[in-house]
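Listed below, chain by chain, are the residues.
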Amino acid sequence: KYGKDVLIIPAMALASREGRDLLVYFYELDDLIHFQKTYIEPKRKRNPHGRIRLSLAESLTYIRNYPAVISVAHPFGMLWKRMERMPEYQNVLAIGDAIEVLNGSLSKKGNTRARTWKHSEGKSITAGSDGHHLSGLGSALTGMPGKNHTVKSFLDGVKNKENFVTGRTMPF
């Protein structure tokens, strides 16, 4: 329905055993499917949309077997999602390629803290609407200057910090 003008990037939000999330953007759909079948499905709990029985460290080890961009999702989100509550969060950040600095489901304060953290770490940036509710879809996104991008050129641009984020935060 969207035609050839819409770039679709194979990606997933991975909820680790500790409750910390990663955003994983794969260069190839086949890699996402293989990762899902090999590492995610065998480690699922009863709720197929919830946390898996893999630690964040294990998840990162397996993801690094694939060409992918890893973004630390909402590092200053609500409650248990905060990376700062995790003693080894610096290790996670060292392996990640980017930090989600704009999440449409978070407050301005949490997003501002993520942006400040990004500057101190020198990582690339991503944004997302955290699409748990239909009304929030498209509220925040990652963009790339130019036209006619492929998945490879777009993700390489994210790794090389050529991208930008745009959108809105929650009003609270």
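Above this text is the structure in question.
Rules used in this analysis
Every chain is numbered independently, its residues counted from 1 as its sequence is written. The model is predicted, so local features are restricted to residues of pLDDT at least 70 and side-chain atom pairs to those at 80 or more, both for listing and for counting; the totals for chains, interfaces and linings are taken over all residues. Each side-chain value is worked out from all heavy atoms of the structure, with water and hydrogens disregarded. Every definition here rests on a 1 Å grid over the protein atoms only: cavities are sets of points where a 1.4 Å probe fits but cannot get out, pockets are open sets enclosed by protein on both sides within 12 Å along at least five of seven lines, and lining residues have some atom within 4 Å of a point. Grid points are joined across faces, edges and corners, and a volume is the space filled by probe spheres set on the points. Under the grouping applied here, Gly and all other residues not named as nonpolar or charged are polar, the nonpolar ones being Ala, Val, Leu, Ile, Met, Phe, Trp, Tyr, Cys and Pro and the charged ones Asp, Glu, Lys and Arg. At least two DSSP bridges between two strands are needed for those strands to be called paired. Starting at the N terminus, helices and strands are each numbered in turn, a helix being any DSSP run of H or I of at least four residues and a strand any DSSP run of E of at least two. Throughout, an axis means a line fitted to C-alpha atoms (over the contacting stretch in the case of helices), and angles, computed between N-to-C directions, take values from 0 to 180 degrees. Contacts between residues were defined by any pair of non-hydrogen atoms, one from each residue, lying within 4.5 Å. Burial classes follow relative accessibility: with a 1.4 Å probe on protein chains only, a residue under 20% of its type's maximum area counts as buried, one over 50% as exposed, and anything between as partly exposed. We define a polar contact as two N or O atoms separated by no more than 3.5 Å, with the added condition that, inside protein, one atom must be a possible hydrogen donor and the other a possible acceptor, whereas residues neighbouring each other in sequence contribute only through side-chain atom pairs.

*Asks:* I tried to follow the layout of surface pockets on my own but got confused; where do I start?
*Replies:* The method is simple in principle: a probe with the dimensions of a water molecule rolls over the atoms, and the space it marks as empty is what remains. Its volume calculated, the second largest pocket comes out at about 400 Å³. In terms of lining residues, the second largest pocket is bounded by eleven residues, among which Asp5, Val6, Leu7, Ile8 and His149 are the most central. Looking at the lining of the second largest pocket residue by residue, the classes come out as five nonpolar, three polar and three charged.

*Asks:* Any chance you could explain the sheet that holds strand E3 (residues 68-72) here in plain terms?
*Replies:* Sheets are built from strands that pair by backbone hydrogen bonding, the pairs being arranged parallel or antiparallel. Spatially, the five strands line up as an open sheet ordered E1-E2-E3-E4-E5, and their pairing is mixed. Sheet topology places strand E1 (11-15) and strand E5 (124-128) at the edges, where each strand pairs with a single neighbour. Here the average twist between neighbouring strands, direction ignored, is 35°. With five bridges connecting them, strand E4 (residues 98-103) and E5 associate as parallel partners. Directly across from Glu100, in E5, lies its bridge partner Thr126. Where helix H1 (residues 29-40) meets the sheet, it contacts E1 and strand E2 (21-26), and its direction lies at approximately 20° from that of E1. In the packing of helix H5 (residues 151-159) onto the sheet, the strands contacted are E2, E3 and E5, and the crossing angle to E3 comes to about 45°.

*Asks:* What am I meant to see in unusual backbone geometry here?
*Replies:* Among all residues save glycine, negative phi is the norm, and among peptide bonds the norm is trans. The phi dihedral of Asn148 falls on the positive side, at around 55°, and the residue is not glycine. Tracing the backbone through its elements, the reader meets Asn148 in the loop between strand E6 (140-143) and H5. According to the relative accessible area criterion, Asn148 is exposed, its value standing at 77%. One non-glycine residue with positive phi stands out, namely Lys161, at about 60°. Secondary-structure assignment places Lys161 in the loop between H5 and strand E7 (164-167).

*Asks:* What am I meant to see in the side chain of Asn163 here?
*Replies:* The residue Asn163 is located in the loop between H5 and E7 in this model. Of the polar contacts made by the side chain of Asn163, one reaches the side chain of Ser124; its length is 3.2 Å. At a separation of 2.6 Å, a polar atom in the side chain of Asn163 contacts the main-chain carbonyl oxygen of Ile125. Setting aside anything within four residues of it in sequence, one finds Asn163 in contact with Ser124, Ile125, Thr142, Gly143, Met144, Gly157 and Val158.

None of this, on its own, says anything about what the molecule does.
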